[in-house]
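Next come the chains, spelled out residue by residue.
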Amino acid sequence: VQLQASGGGLVQPGGSLRLSCAASGSIFSINVMGWYRQIPGKERELVATKTSGGRNDYAGSVKGRFTISRDNVKNMVFLQMNSLKPEDTATYYCHYRDLVSGQAYWGQGTLVTVSS
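Residues numbered from 1 in each chain as written. Predicted model: local features only at pLDDT ≥ 70, side-chain atom pairs only at ≥ 80, totals over all residues. Heavy atoms only, no water.

Explain the state of the cysteines to me, please; I cannot follow it from the model alone.
Here is the idea: a disulfide is a covalent bond, and it sits between the sulfur atoms of two cysteines. Applying the stated criterion across every chain, the model contains one disulfide. Here cysteine 21 engages in a disulfide with cysteine 94; their sulfurs sit 2.0 Å apart. Residues cysteine 21 and cysteine 94 are joined through a disulfide that is left-handed, its torsion about the S-S bond being -85°. Of the two residues, cysteine 21 is situated in strand E3 (residues 17–24) and cysteine 94 in strand E9 (residues 90–98); the sequence distance between them amounts to 73 residues. (Disulfide = S-S within 2.5 Å. Helix = DSSP H or I, 4+ residues; strand = E, 2+ residues; numbered from the N terminus.)

Below, the structure written as structure tokens:
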């Protein structure tokens, strides 16, 4: 499975960005896709995930500001990020996991910088 993420960039505090990730390869119908983020020197942390069945999971720090969505036909996952804060600055990674086999994959990171 290959994951191609896009949409990062520089935004002012309070602004919005939308991340996109396209999955290709051996995609199985029962899976979870989502986003994690990492700051240098810290562990990668969950931002938001969404299963193929529609179940969402959000980090507490982004609830109410970020929305995850999917296009299961196109095997894509999106992260709409609103009301961005400087502490949201990180490299964001797309993630895919097959819920039957447990195999997981990461996309390349996309940098989000929130700064005035």
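From this point, things continue past the structure.
Explanation requested: the sheet that holds strand E7 (residues 66–71) in the structure shown.
The pairing of strands in a sheet comes from backbone hydrogen bonds and takes either a parallel or an antiparallel form. Read across the sheet, four strands follow the order E1-E3-E8-E7 without closing on themselves; strand pairing throughout is antiparallel. Two strands close off the open sheet at either side, each with one partner strand: strand E1 (2–6) and E7. Geometrically, the sheet is characterised by an average inter-axis angle of 15° between neighbouring strands, direction not taken into account. Where E3 lies against strand E8 (residues 76–81), six bridges are found, and the strand directions are antiparallel. (Pairing = 2+ DSSP bridges. Axes fitted to C-alpha atoms, helices over the stretch in contact; angles between N-to-C directions.)

Read these as layout, nothing more, since geometry by itself doesn't imply function.
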